[in-house]
Structure formats: structure tokens, C-alpha cells
Amino acid sequence: MQIINLFPGSYGSNCYLIEDRGHALIIDPSAAAAAILRRLRDDGCTPDAILLTHGHFDHIMSIDTLRQAEPGLKVYIHRADAPMLTDGKKNAFALFFGQDRTWHEADVLLQGGETISVGDARLRVLHTPGHSPGSICLYCEEEKAMITGDTLFADNVGRSDLWEGNFGTLRTSLQSLRNYNGEITIYPGHGGTNTLSSALDNVFYM
């Protein structure tokens, strides 16, 4: 399994491709659809699905363009964040730019606990609310890797003052990540990688 970061994406957000045996998952398509599809083509991979760690605008910019280019490509999001795709206030675009921006509804609503496959790799969906009500992390135990979205950065956490964010809930979610192997590598929604234990230590030290 390979984890490829197509940075820079829109507004400094990371866009990840998880590739295995000719198949790929697109995580948080902030990068231009053309760049994503070109990299997949160069790698000889077929996109199986788009997974969103949460519904803020800077992580979802290319989902509709990708669906137009790849009919049948489904978008997955946690059910608690599903309203963000169709509401410019909830996805924060209106807050930052003073105008509405929406996307089509997701195809598959997650609740946490699901396992999503790509090639031979398996990713478990962890519901980690706080940054948004439906924020998730994606954990691959075999590869010792976790996509953390805006729940946890290398040395900080995502803000909790946007729609339905809650710092107390976020703190509980961060505590729950202590249950996982601290030596795994995290791949955040912004910035670089770190080990899980180091990132959590940085946060709770602050």
C-alpha cells in the first residue's frame, strides 16, 4: 500500500491517494481533479471511491468534478457531516468568502466502525468528532498508518469554532486515539506527518 500526498491542494489542505494493487481511494480531494486523475493514470490505478474525513470546503473542492469525470465514483462521508456538502454556511465557505458554495450530496453515509477496502489494504473508519460532528480518521493497522484529517495535526489540532464543532468533544476524541499504537504514522489534513504518540503529546502539552 502506498499513501501519496498531492499537496498543495486548495487552501493548504492535503489530498491523499491510497493505492494498492491497481486500485485507489481518494481522500479529501482538495487538489485539482485533473491533477488527481493524472497521478492515478500515471500510477496505473483505478479510483474506487472518494472518502471525506469531514465536510469543510477546503477538503471537498473537487468531488463533483471527479464524479463527472469518473461516472459511478461514490463519495463517502460520516452521516453527521452530510449536511455540510449542501450548505455553504455549514461547510464554512460562506463564512470565509461571503458567498454560498455547495456540492452534491454524498452517496454513502458512514457511522464509524466500517472497514473500507482498497486492493488488499483495509482501512477502519474511526468516528472522532469535535472539529466537526462527523470528523473521522482512517486507520490501517497492517501499514501502521492513520489518516487523521483535521482531528489531529503533527503539532496541533483543528479548530472547533465552526459549525457544530466542540472542543470538549474533540478532546475526548483525541484521548480515544491513545488506544492505538503510538508508533503509527499520522497523515493529517494540513501539514506534515508525525507519529501518533508524538502528535498527541504535543497537543496535550499545549
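Each remark here, short or long, concerns the structure printed above.
Presented here is an overview of the structure given in this document. Everything numeric in this text was worked out from a predicted model, so none of it was measured.

## Observations concerning the overall build of the protein
Inference 1: Of regular secondary structure, the protein possesses 5 helices and 12 strands.
Inference 2: At 16 Å, the protein has a C-alpha radius of gyration in line with the 17 Å of a compact globule built from 206 residues.
Inference 3: Each principal axis of the C-alpha atoms in the protein carries an extent, and together these give about 45 × 40 × 30 Å.
Inference 4: Going through the 206 residues of the protein one by one, you find that 52% of them count as buried.
Inference 5: Put simply, 56% of the contacts in the protein that link residues at least 6 apart link residues at least 24 apart.
Inference 6: Taking the average place of the 16 positive charges on the side chains of the protein and the average place of its 25 negative ones, the gap between the two points comes to 1 Å.

## A closer look at the packing of aromatic side chains
Inference 1: In total, this model carries 9 aromatic pairs according to the counting rule given.
Inference 2: Centre to centre, the rings of tyrosine 11 and phenylalanine 57 are 5.2 Å apart; their planes meet at 75°, and the pair counts as edge-to-face. Of the two residues, tyrosine 11 is situated in the loop between β1 (2-5) and β2 (16-20) and phenylalanine 57 in the loop between β4 (46-51) and α2 (63-69); the sequence distance between them amounts to 46 residues.
Inference 3: Tyrosine 11 sits in the partly exposed class, given a relative accessible area of 45%.
Inference 4: The exposure class of phenylalanine 57 is buried, given its relative accessible area of 6%.
Inference 5: Each member of the aromatic cluster is reached from another via a ring pair, and the members are Tyr11, Phe57, Phe93, Phe96 and Phe97.

## Thoughts on the state of the cysteines
Inference 1: Throughout the structure, instances matching the rule amount to 0 disulfides.
Inference 2: No disulfide involves cysteine 15; its sulfur sits 14 Å from the nearest other cysteine sulfur, which is in cysteine 45.
Inference 3: Cysteine 15 sits in the buried class, given a relative accessible area of 0%.

## A look at helix α1 (residues 33-43)
Inference 1: Every buried residue of α1 is accounted for by Ala33, Ile36, Leu37 and Leu40. Buried positions in α1, seen along its axis, are confined to an arc of 90° and lie on one side of it.
Inference 2: Against the buried residues of α1 lie β2, β3 (23-27), β4 and α2.
Inference 3: Phi for glycine 44, located one or two positions after α1, is positive at around 70°.

## A look at unusual backbone geometry
Inference 1: In this structure, arginine 21 is a non-glycine residue whose phi angle is positive, near 55°.
Inference 2: With respect to the helices and strands, arginine 21 occurs in the loop between β2 and β3.
Inference 3: With relative accessibility at 66%, the residue arginine 21 sits in the exposed group.
Inference 4: Not every positive phi belongs to a glycine, and aspartate 28 is a case in point at roughly 55°.
Inference 5: On the secondary structure map, aspartate 28 appears in the loop between β3 and α1.
Inference 6: Its relative accessible area of 2% is what places aspartate 28 among the buried residues.

## Some points on the pattern of salt bridges
Inference 1: Inspection of the entire model under this criterion finds 6 salt bridges.
Inference 2: In this structure, arginine 39 engages aspartate 43 in a salt bridge whose closest nitrogen and oxygen atoms are separated by 2.8 Å. Here arginine 39 pairs with aspartate 43, and both are found in helix α1, just 4 residues apart, close to one helical turn.
Inference 3: Since its relative accessible area comes to 29%, aspartate 43 is described here as partly exposed.
Inference 4: The salt bridge involving aspartate 201 is made with arginine 178; its shortest N-O contact spans 3.1 Å. Of this pair, aspartate 201 sits in helix α5 (residues 196-205) while arginine 178 sits in the loop between α4 (167-176) and β11 (185-188), and the two are 23 residues apart along the sequence.
Inference 5: Classification of aspartate 201 as partly exposed rests on a relative accessible area of 42%.

## Brief notes about the sheet that holds strand β6 (residues 108-110)
Inference 1: As summarised here, the arrangement of the 6 strands in space is β1-β2-β3-β4-β5-β6, forming an open sheet in which the pairing is mixed. Unpaired on one side and paired on the other, β1 and β6 mark the two borders of the sheet. Direction aside, the axes of adjacent strands within the sheet are offset by 25° on average.
Inference 2: Taken together, the 4 bridges between β1 and β2 define a ladder with antiparallel strand orientation. Bridge assignment links asparagine 5 to a residue of β2, and that residue is tyrosine 16.

Definitions and limits used
Residues numbered from 1 in each chain as written. Predicted model: local features only at pLDDT ≥ 70, side-chain atom pairs only at ≥ 80, totals over all residues. Heavy atoms only, no water. Helix = DSSP H or I, 4+ residues; strand = E, 2+ residues; numbered from the N terminus. Rg over C-alpha atoms; globule rule 2.2 N^0.38 Å. Buried < 20%, exposed > 50% of the residue type's maximum accessible area, 1.4 Å probe, protein only. Contact = heavy atoms within 4.5 Å. Lys, Arg positive; Asp, Glu negative; His and termini not counted. Charge placed at Lys NZ, Arg CZ, Asp CG, Glu CD. Phe/Tyr/Trp six-rings, centres within 6.5 Å; stacked < 30°, edge-to-face > 60°. Disulfide = S-S within 2.5 Å. Arc of directions from axis to C-beta. Salt bridge = Lys/Arg side-chain N within 4 Å of Asp/Glu carboxyl O. Pairing = 2+ DSSP bridges. Axes fitted to C-alpha atoms, helices over the stretch in contact; angles between N-to-C directions.

The analysis is restricted to geometry; functional conclusions fall outside its scope.
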